[in-house]
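Close look at the chain arrangement
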Amino acid sequence: MVSYEYVLGVLLASLLGSVFFMIISTTLGGNKKVKALSGGVKSNGSGSGEFQPEMEEEKSTDVVIVGAGVAGAALAYTLAKEGRRVHVIERDLSEPDRIVGELLQPGGYLKLIELGLEDCANESIDAQKVFGYALYKDGKDTKLSYPLEKYSSDVAGRSFHNGRFIQRMREKAATLSNVKLEQGSVTTLIEEKGIVKGVIYKNKAGEEMRTYAPLTIVCDGCFSNLRKSLSAPKVESPSCFVGLILENCELPHANHGHVILGDPSPILFYPISSTEVRCLVDIPGTKVPSVSSGEMVKYLKSKVAPQIPRQLYNAFMAAIDKGNIRTMQNKSMAANPLPTPGAILLGDSFNMRHPLTGGGMTVALSDIVLLRNLLRPLRNLNDAAALSNYLESFYTLRKPVSSTINTLAGALYKVFCASPDQARQEMREACFGYLSLGGICSYGPVSLLSGLNPRPLHLFLHFFAVAIYGVGRLMLPFPSPKRMWLGARLISSASDIIFPIIKGEGVRQMFFPATVPAYYRSPPIH
């Protein structure tokens, strides 16, 4: 039998050993200079200096946000207004100069109002109201207005210079005392035992720094270098945009976006200020004619210009001659997250769709409203595993809005592109004819596109209504075996377009979200 003296001796020896180890650790630790972004104090080297460990850094910041574009800037302001202490790290805080992210749908503007950021898209940046679209094909046009009757007069789409919009949101976020907005390039997520604790980044001076927080939100855009750590991305590059700015010209339909169903693919026009109209020429694939060699100018003048409405032709040619021609690759990527304790993705780093329908900012702002509401009941975010489990509901709850806009963008782009396949040609004709019918045939699809009615089932029904309308056109004045075969191919072509997109979005989450267990997750109780 072991005597009590032996047990007591072991306990005393362990206690003294622990105290000795702590003294040695503190003394040696005092010689290390620590860059603590959240207010840590460097030791004086004698062992008596005040040392703030990692836990103190975590306590001084609630959320680290990587990127201050549309999603990052809006998120920073939103979470700070909720009382969270936010550290935002943005690669370049100068005003961005992009040729996309310039059209906010009415559904997105409603989210902007909900976040208290509507004053960032008003006259202060010369933003223009947008009330719908005009669709052109083979010299014919039809006007599609947003269904705004039940909203206040201020609710409409907004178009603007993307950089001005972002800078205005950054400025507004920076006015809050609990927002730290810093220029730096994030290189790595800090991960310990499968939990993201913060990020490593280089500040403006080129010094490598670390910052810690219970939650890291990655919003570093379409070229994200961190998304592979938090998702299994499958990025597609369906086409390129060639961007021009037309000056001092009037659109045929004021305060409307204009879509020309051109050859080989759509051409877009929309106002971005009181004196400027953006033109985006879509070119399928990943290669575009060279700007520097003059091939692009030749392509625009010989191939594109003859398809431009006559009211815009002279301004289009003048914009080409001015020479400020920009190009960018369009990308699409279904959301495929890998739930990771301590971190989530948001914005284009998480989910992208073809920019034809201008839905990207609407999805991002809708995600921010949802994330804010999910985090609102939580007093702190320190239980990373419980928080990650709870936030899995985010991926299902976002689906009505995101899947509707994503699917519509992908499907419309494929329908609107010219094709040598006769069935696809008939589908394109049917889409233009269906939208031109008016009533529910135009009201329904435009309410989906605008983000005002984000219902995947309605999208599915309207898409196949277009296909059935196309078959009906083929059967008139009387059916024939050839026409019936073409009608069958049209239905098959429509299925080939939409079903792969739906599969990428997730059939269950898109149409039956209430059957997903994560849909019912409750906030963790501490």
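Above this text is the structure in question.
The following paragraphs examine the structure supplied in this document. Computed from a predicted model, the values in this text were never measured in an experiment.

On to the nonpolar core. With 68 residues, the main nonpolar core has Leu75, Phe165, Ile217, Leu371 and Leu375 as its most contacted residues. Once residues lying within four places of it in the same chain are set aside, the contact partners of Leu75 are Ile65, Ile217, Cys219, Leu346, Ile368 and Leu371. Listed in part, the 52 residues of the second largest apolar core include Leu148, Cys417, Ile497 and Met510.

Our focus in this paragraph is the sheet that holds strand 17 (residues 343-345). Strand order in this open sheet of 7 strands is 10-9-8-2-1-11-17, and the pairing throughout is mixed. The sheet is open, and its two edges are formed by strand 10 (208-212) and strand 17, each paired on a single side. Within the sheet, the average angular offset between the axes of one strand and its neighbour, ignoring direction, is 35°.

Attention now goes to helix 5 (residues 162-174). The terminal C-alpha atoms of helix 5, which comprises 13 residues, lie 18 Å apart, in line with the 18 Å expected from a rise of 1.5 Å per residue. Looking at the buried side of helix 5, the elements it contacts are helix 3 (70-81), strand 2 (86-90), helix 4 (106-114), strand 8 (179-192) and helix 9 (360-375).

Residue pairs spaced three or four apart in an α-helix point in one direction, given the helix's 3.6 residues per turn. Taking 1.5 Å of rise per residue, 16 residues should cover 22 Å, and helix 9 covers 23 Å from first to last C-alpha, within 8% of that figure. Burial runs high along helix 9: 14 of the 16 residues are buried.

Attention now moves to unusual backbone geometry. Note the cis peptide between Asp263 and Pro264, where omega equals 15°. Position of Pro264 relative to the elements: it lies in the loop between strand 13 (257-260) and strand 14 (267-271). The step from Leu476 to Pro477 runs through a cis peptide bond, and the omega angle for that step is 0°. With a phi angle near 60°, Asp126 is a residue other than glycine that sits in the positive phi range. Mapped onto the elements of the fold, Asp126 is located in the loop between helix 4 and strand 4 (128-130). Classification of Asp126 by relative accessible area gives partly exposed; the value is 25%. A positive phi angle, close to 50°, is found at Asp138, a residue other than glycine. Taking relative accessible area as the criterion, Asp138 reaches 60% and is therefore assigned exposed.

Among the structural elements, Ser224 can be located in the loop between strand 11 (215-218) and helix 6 (227-230). Among the polar contacts listed, one links the side chain of Ser224 to the side chain of Asp220, at a separation of 2.7 Å. Within the structure, the side chain of Ser224 is placed 3.2 Å from the backbone nitrogen of Leu226, a separation counted as a polar contact. Contact partners of Ser224, with chain neighbours within four places excluded, come to Val218 and Ser349.

Okay, empty space enclosed by the protein next. The full count for this structure, using the stated rule, is 4 cavities of 30 Å³ or more. Considering only enclosed or pocket space, the largest cavity measures out at about 350 Å³ in volume. For the largest cavity, the lining is made up of 23 residues, of which Leu408, Leu412, Phe416, Leu435 and Pro445 are closest to its centre. With 5 residues, the single largest contributor to the lining of the largest cavity is helix 11 (residues 399-416). Residue composition of the lining of the largest cavity, by class: 21 nonpolar, 2 polar and no charged. The calculated volume of the second largest cavity comes to roughly 70 Å³.

The geometry of helix 3 relative to helix 9 is characterised by a closest axis approach of 10 Å and an angle of 25° between their N-to-C directions. For the element pair helix 3 / helix 9, the angle class is roughly parallel. Remark: the crossing between helix 3 and helix 9 carries right-handed chirality. Packed against helix 3, whose contacting residues are Val70, Ala71, Ala74, Leu75, Thr78 and Leu79, the element helix 9 presents Met361, Ala364, Leu365, Ile368, Leu371, Arg372 and Leu375 at the interface.

This paragraph deals with the state of the cysteines. Throughout the structure, instances matching the rule amount to 0 disulfides. Unpaired in terms of disulfides, Cys249 finds its nearest cysteine sulfur in Cys279, a separation of 9.8 Å. Judged by its relative accessible area of 18%, Cys249 falls in the buried class.

To continue, consider the sheet that holds strand 7 (residues 157-159). Pairing in this open sheet of 3 strands is antiparallel, and the strands run 3-7-4 from one edge to the other. The open sheet is flanked by strand 3 (103-104) and strand 4, the only strands paired with a single partner.

Let us now look at the packing of aromatic side chains. Taken as a whole and assessed by the stated rule, the structure comprises 12 aromatic pairs. Relative to Tyr395, the ring of Phe394 has its centre 5.6 Å away and its plane inclined at 70°; by these criteria the two rings are edge-to-face. Comparing Phe394 with Tyr395, the two get one shared label, buried. Of the aromatic side chains, those joined through ring pairs into one cluster are Phe460, Phe463, Phe464, Phe499 and Phe511. Geometry around Tyr109 places Arg158 over its ring, the cationic atom sitting 4.1 Å from the centre.

Thresholds applied
Residues numbered from 1 in each chain as written. Predicted model: local features only at pLDDT ≥ 70, side-chain atom pairs only at ≥ 80, totals over all residues. Heavy atoms only, no water. Core = buried A, V, L, I, M, F, W, Y, C linked by side-chain atoms within 4.5 Å. Buried < 20%, exposed > 50% of the residue type's maximum accessible area, 1.4 Å probe, protein only. Contact = heavy atoms within 4.5 Å. Pairing = 2+ DSSP bridges. Helix = DSSP H or I, 4+ residues; strand = E, 2+ residues; numbered from the N terminus. Axes fitted to C-alpha atoms, helices over the stretch in contact; angles between N-to-C directions. Expected span 1.5 Å × (residues − 1). Polar contact = N/O pair within 3.5 Å; in protein donor to acceptor, adjacent residues only side chain to side chain. 1 Å grid on protein atoms, 1.4 Å probe; cavity = no way out; pocket = protein on both sides within 12 Å on 5 of 7 lines; lining within 4 Å. Points joined across faces, edges and corners; volume = space filled by probe spheres on them. Nonpolar A, V, L, I, M, F, W, Y, C, P; charged D, E, K, R; others polar. Parallel < 35°, antiparallel > 145°, perpendicular 65-115°, else oblique. Left-handed = near helix turned anticlockwise from the far one by under 90°. Disulfide = S-S within 2.5 Å. Phe/Tyr/Trp six-rings, centres within 6.5 Å; stacked < 30°, edge-to-face > 60°. Lys NZ or Arg CZ within 6 Å of the ring centre and 35° of its normal.

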